[in-house]
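Here are the chains, one letter per residue:
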Amino acid sequence: MAEVTVKQLAETVGAPADRLLQQMKEAGLPHSSAEEPVSEEQKQTLLAFLKRSHGDREVTPSKITLKRKTVSTLRTDRGRGKAVAVEVRKKRTYVKRGAAPAADEPAVESELDQLKAEEARREEERQQAEAERRAEEERRRQEADQRVAEQEREQREAEAKAKEKQAEDEERKRLEAEEQARQEAAAALAAAEAEQVTAERRGPTKSAAKRKERVPERDDRSRKDWRGDDAEARGKRRAGTLSRDRLAQRKRRSSRGLPQTQGFERPTETIVRDVDVPEAITVGELASRMSVKAGEVIKRLMGMGVMANINQTLDQDTAVLVVEELGHRARLVAADKLEQEHLELLKVEGDAQPRPPVVTVMGHVDHGKTSLLDYIRKTRVASGEAGGITQHIGAYHVETDHGVVSFLDTPGHAAFTQMRARGAQVTDIVILVVAADDGVMPQTEEAVQHARAAGVPLVVAVNKMDKEGADPDRVRNELAGRGVQPEDWGGDTQFVNVSAMTGDGIDSLLEAVLLQAEVLELTAVVDAPGQGSVVESRLDRGRGPVATVLVRSGTLRKGDFMVAGEHYGRVRAMLDETRKQVESAGPSIPVEILGLSGTPDAGDDFAVVEDERKAKELVEFRRSRTIENRFKQQQAARLDSLFENIGEGETPTLNIVLKTDVRGSLEALTGAINDISTGEVRANVVSSGVGGINESDANLAVASRAVVIGFNVRADASSKKIIENEGLDLRYYSVIYELLDDIKASLSGMLAPELREEILGVAEVRDVFRSPKFGAVAGCMVVDGTIHRNKRIRVLRDDVVIYEGELESLRRFKDDVNEVRQGFECGIGVRNYNDVREGDKIEVYDVKEVARSL
């Protein structure tokens, strides 16, 4: 039962609420307010306390009997049949264990009787409300049944009337047919009798006798009976015909409810499809994607002035127009959609953890790069530290007291440049090795330029400090003159004095590298599919294609399907630097893998894919686009097409690799080229030097997408081969003004064109007419210039522009014209504007692009 408050319980038992609260507190109940609810258990507790307080002994057992009766109605035949009343009676007895009630407790029994009476009254009220609700539902159900029955009755009456009318029509038709048959039979009989009377008057003839012999004698039946029998027979025949007609009609009626099956049904409405349109697509493929015949597409193309066959290749813009002409929706699809989907899959989210830095050692020949690496390898192995020095073909890592450092043994400029040209973000820090007794050399300068082009920080290792002629200050001065400022002099580049022979400064060098790594905050997600770059690859006679890879992020595991450049495969085995097989490799860890279909190029990216099908599909796409991508790279490096590479929101830049014959010409050209730059376009000298154009210059031009310029110098054979293969733009000059003029012309072509407006004509509104098709039509007189139909317009009122838009129509008398000259009248309809008034002026103008120059 529902809970009641203390106030309601006091009113029920007829006692003050304050007294009842006092008794409940004495009984140990937590009630302090008259509005607090009282549960059944608390009522029993209070009752037991009152019994004990009145009788001074334990509570005797009590018994409560509750009876409930519910009445419901069931209807047969889905609610339309006879109603059956169902009455359910329930009886439940509640007994509380304990002693029997004492006879000397009249007050307690009175309170108990009052509680029972109140509960019984509430139960009766609830049952009465339930009965009223059910009665209301039954009344509504009966009303609904009556409405349904009334509708069915009306429907049956309508059907009966229709059948009666049909039967009356059929009976009327049958009677009319019988009457017509009787009339025809009577006419025929009268004609026969008249013929017989005429024959009797003339006498019997030979032919009549013969007819009499052929015709058998009739019975002595009256003409009336004969006519009746004949009419009855004809009626039966007609009845048979009518019966067959009715049977056929019933069959037709029954067949109407059966589903109609046929080979093809014309759609009731046009189906609009979403058609993926790539950059190039054939007519046949486009028709297949729209589910139309190729002839329909060819017909649309002919209407657009394009003659094409089913195998003709259409560009994206033309294909979009055809799709829209046929009523479908075009969705532009990039040519590298597969690569974009692959890149999206490589974007993983997770907890990024610090990873070891990847370091590349560069420097001039004989400045001690190999000796420095050999000493690091020898000392760390001899030290016996766990996991100290590990060499693995071209990559290894060193574990120091401050952390792990991974080294790439790619000191050659070509290999480093190729990795940067392919976009392989492998190297984090570059150690520039400079001999203290030799100073800065040409290859040292090239190494600095490579690091700047790649955007990688430098750590300078001044080597050979154990020699007598070592001069570290000279190295600092020469590098400072080339833009590499030491930290001691307020710069951002760390200089460390080391000796590869004695080992002095090696620990400081490693600490400097790790400090630079901490500044870079190198992190990677470990719990993700592995991806990274290929350091080198080779074809082993016994093991097949072998590739050394460096994991950049994620984890590479044995058995993963991977794609590396234009090759794919499943990782069958992974070897660490000690030639031991491993199951996985984390970020910044080099491993040697087996299982690829070929040898990828150094610097190619690799990534783990879902399955072999995905890997094969991606590799085939890359192979099919190799020639096209190379052609695009060739065009991107040409001066004539540099404006195509202008990015939005950034300053267009022309990168230049400049080589001259003397230092004076180099300084003059560099200053002049920098002075040409403006805020909108900029000329950037990526690399400059004195001497001929060599292979390093060509590789740097490939990496930075630069133009190679030679002033009174020429390119050698190796650099010419690279320039021809990569499609670079190589230009020779002997006069400084010609060189500067060509650079100005190239930068001018990169400038955005200037937009200029030219007023073509002005018309004055003399009157305004209303047209049901165009709305307000202005009757105008051309007072200046020529009014063109396909140009933009302005509406001026009191020499103030109030609207800008386009012409809806231009007519001279009743003919549509393309232009109206000065002094002629015309009718002008302005598109989406109807507030043209007499006295307004309509100004027609054109916007032209004018090339700018520096």
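Residues numbered from 1 in each chain as written. Predicted model: local features only at pLDDT ≥ 70, side-chain atom pairs only at ≥ 80, totals over all residues. Heavy atoms only, no water.

### Regarding the overall build of the protein chain
Within the protein chain, the regular secondary structure consists of 21 helices and 38 strands. With 854 residues in all, the protein chain has 37% of them scored as buried. For the protein chain, restricting intrachain contacts to residue pairs at least 6 apart in sequence, the fraction spanning at least 24 positions comes to 69%. Carbon and sulfur atoms provide 47% of the accessible area of the protein chain, an area that totals close to 51,200 Å². (Helix = DSSP H or I, 4+ residues; strand = E, 2+ residues; numbered from the N terminus. Buried < 20%, exposed > 50% of the residue type's maximum accessible area, 1.4 Å probe, protein only. Contact = heavy atoms within 4.5 Å. Areas by Shrake-Rupley, 256 points an atom, 1.4 Å probe, with all protein chains shown as cover.)

### Considerations on the sheet that holds strand 18 (residues 531-540)
Spatial strand order, 18-19-24-22-21-25: 6 strands in a closed barrel with antiparallel pairing. Across the sheet, the axes of successive neighbouring strands diverge by a mean angle of 45°, strand direction being ignored. Bridging between strand 21 (residues 561-564) and strand 25 (residues 605-609) involves 4 bridges; their strand directions are antiparallel. The residue of strand 25 that forms the bridge with Phe-561 is Val-609. On top of the sheet, helix 16 (residues 612-624) reaches strand 21, strand 22 (567-575) and strand 25; it is set at about 10° to strand 21, its chief contact. (Pairing = 2+ DSSP bridges. Axes fitted to C-alpha atoms, helices over the stretch in contact; angles between N-to-C directions.)

### Some words on the packing of aromatic side chains
According to the stated counting rule, one finds 1 aromatic pair in the structure shown. Measuring from ring centre to ring centre gives 4.5 Å for Tyr-803 and Tyr-833, while their planes differ by 15°; the resulting arrangement is stacked. One end of the pair, Tyr-803, is in strand 34 (residues 800-812); the other, Tyr-833, is in the loop between strand 37 (825-830) and strand 38 (841-850), and 30 residues separate them in sequence. Grouping residues by exposure puts Tyr-803 and Tyr-833 together as buried. The positively charged end of Arg-794 is found above the aromatic ring belonging to Tyr-845, 3.9 Å away from the centroid. (Phe/Tyr/Trp six-rings, centres within 6.5 Å; stacked < 30°, edge-to-face > 60°. Lys NZ or Arg CZ within 6 Å of the ring centre and 35° of its normal.)

### Digging into the environment of Ala-287
Within the secondary structure layout, Ala-287 lies in helix 7 (residues 283-290). The buried category is assigned to Ala-287, whose relative accessible area is 2%. Expressed as a C-alpha distance, the spacing of Ala-287 and Val-275, which sit 12 residues apart in the sequence, is 9.9 Å. Apart from residues no more than four positions distant in its own chain, Ala-287 is found in contact with Val-292, Lys-293, Ala-294 and Val-297.

### A look at the environment of Lys-744
One can find Lys-744 in helix 21 (residues 736-750). Looking at Lys-744, the relative accessible area reads 39%, which means it is partly exposed. As a C-alpha pair, Lys-744 and Ser-677 span 67 residues in sequence and 9.0 Å in three-dimensional space.

### Brief notes about the pattern of salt bridges
Taken as a whole, this structure holds 47 salt bridges when the rule is applied. Of the charged contacts, one joins Glu-40 and Lys-43 as a salt bridge, the two residues approaching to 3.5 Å between their closest N and O atoms. You can see Glu-40 and its partner Lys-43 sitting in helix 3 (residues 40-55), 3 residues apart, about one turn around the helix. Taking relative accessible area as the criterion, Lys-43 reaches 8% and is therefore assigned buried. Where Arg-821 meets Glu-819, a salt bridge forms, and the shortest distance between an N and an O atom there is 3.3 Å. Three or more residues are tied together by salt bridges with common partners; here these are Glu-171, Arg-174, Glu-178, Glu-179 and Arg-182. (Salt bridge = Lys/Arg side-chain N within 4 Å of Asp/Glu carboxyl O.)

### A word on the pairing of strand 37
In terms of burial, strand 37 is largely enclosed, as 5 of its 6 residues are buried. Relative to strand 37, strand 31 (residues 775-785) runs antiparallel, the two sharing 5 bridges. Across the sheet, residue Cys-780 finds its bridge partner in strand 37, namely Cys-826. Looking at chain direction, strand 34 and strand 37 are connected through 4 bridges and run antiparallel. Looking across to strand 37, one finds that Leu-810 is bridged to Ile-828.

### Focus on the pairing of strand 26 (residues 653-660)
Of all 8 residues in strand 26, 7 are buried; the element is thus mostly enclosed. Bridging between strand 26 and strand 27 (residues 682-690) involves 8 bridges; their strand directions are parallel. Considered in strand 27, the bridge of Thr-660 is made with Val-690. Pairing analysis gives 5 bridges linking strand 26 to strand 28 (residues 707-711), with the strands arranged parallel.

### Focus: the side chain of His-31
Within the element layout of this structure, His-31 appears in the loop between helix 2 (17-26) and strand 2 (37-38). One polar contact links the side chain of His-31 to the main-chain carbonyl oxygen of Pro-37, over a distance of 2.8 Å. In contact with His-31, not counting residues within four places along its chain, are Val-6, Leu-21, Met-24, Lys-25, Glu-36, Pro-37, Val-38 and Gln-42. (Polar contact = N/O pair within 3.5 Å; in protein donor to acceptor, adjacent residues only side chain to side chain.)

### Things to note about the side chain of Ser-553
Summarising the element assignment, Ser-553 is placed in strand 19 (residues 544-553). Here Ser-553 is in contact with Ala-524, Val-525, Pro-529, Gly-530, Gln-531 and Pro-587, once residues within four sequence places are set aside.

### A short note on the sheet that holds strand 28
The parallel open sheet is built from 4 strands, whose spatial order is 27-26-28-29. The open sheet is flanked by strand 27 and strand 29 (730-733), the only strands paired with a single partner. Across the sheet, the mean angle from the axis of one strand to that of its neighbour is 25°, orientation sign disregarded. In this structure, strand 28 lies alongside strand 29, joined through 4 bridges in parallel fashion. In the strand pairing of strand 29, Gly-710 is matched with Tyr-732.

### Quick word on the nonpolar core
Judged by nonpolar contacts, the single largest core of 26 residues is most densely connected at Val-359, Leu-372, Phe-407, Ile-431, Val-498 and Leu-509. When contributions to this core are tallied by element, the ones reaching two or more residues are strand 10 (358-363), helix 11 (369-382), strand 12 (395-399), strand 13 (404-408), strand 14 (429-435), strand 15 (458-463) and helix 15 (506-520). The element that contributes the greatest number of residues to this core is helix 15, accounting for 7 residues. Discounting residues that sit within four places of it in the chain, Val-498 has contacts with Leu-372, Ala-461, Val-462, Asn-463, Lys-464, Met-465, Asp-504, Gly-505, Ile-506 and Leu-509. Counting residues in hydrophobic clusters, the runner-up holds 21 residues, among them Leu-666, Ala-672, Ile-673 and Val-707. (Core = buried A, V, L, I, M, F, W, Y, C linked by side-chain atoms within 4.5 Å.)

### Observations regarding helix 13 (residues 442-454)
The end-to-end C-alpha separation of helix 13 is 18 Å, in line with the 18 Å expected for 13 residues at 1.5 Å each. Every buried residue of helix 13 is listed here: Thr-444, Glu-446, Ala-447, Val-448, Gln-449, His-450 and Ala-451. Immediately downstream of helix 13, the backbone of Gly-455 shows phi near 70°, a positive value. (Expected span 1.5 Å × (residues − 1).)

### Details of helix 1 (residues 6-13)
Residue pairs three or four apart in sequence face the same way in an α-helix, which turns once every 3.6 residues. Taken together, the buried positions of helix 1 are occupied by Val-6, Leu-9, Ala-10, Thr-12 and Val-13. Within helix 1, the buried residues cover an arc of 160° as seen down the axis, which keeps them to one side. In the stretch just after helix 1, Gly-14 is the one whose phi turns positive, near 75°. (Arc of directions from axis to C-beta.)

### Here's the deal with the packing of helix 7 against helix 8 (residues 294-303)
Between helix 7 and helix 8, the shortest axis-to-axis distance is 8 Å and the interhelical angle comes to 115°. It follows that helix 7 is roughly perpendicular to helix 8 by the angle criterion. Classified by chirality, the crossing of helix 8 by helix 7 is right-handed. Of helix 8, the residues touching helix 7 (which contributes Val-283, Leu-286, Ala-287 and Met-290) are Ala-294, Val-297, Ile-298 and Leu-301. Grouping the constituent residues of the contact of helix 7 with helix 8 by class yields 8 nonpolar, no polar and no charged. (Parallel < 35°, antiparallel > 145°, perpendicular 65-115°, else oblique. Left-handed = near helix turned anticlockwise from the far one by under 90°. Nonpolar A, V, L, I, M, F, W, Y, C, P; charged D, E, K, R; others polar.)

### Focus: the environment of Val-800
Relative to the helices and strands, Val-800 resides in strand 34. With 40 residues separating them along the chain, Val-800 and Asp-840 place their C-alpha atoms 9.7 Å apart.

### Thoughts on the confidence of the model for the protein chain
For the protein chain, per-residue confidence averages 77 on the pLDDT scale, and 79% of positions sit at 70 or higher. Segment residues 56-60 is flagged for pLDDT under 50; beyond a separation of four residues in sequence, or across chains, it makes 18 contacts in the model. (pLDDT = per-residue confidence, 0-100.)

### Re the state of the cysteines
Within this structure, the stated rule accounts for 0 disulfides. Among the cysteines around Cys-780, which has no disulfide bond, Cys-826 carries the closest sulfur, lying 5.3 Å off. The buried category is assigned to Cys-780, whose relative accessible area is 3%. (Disulfide = S-S within 2.5 Å.)

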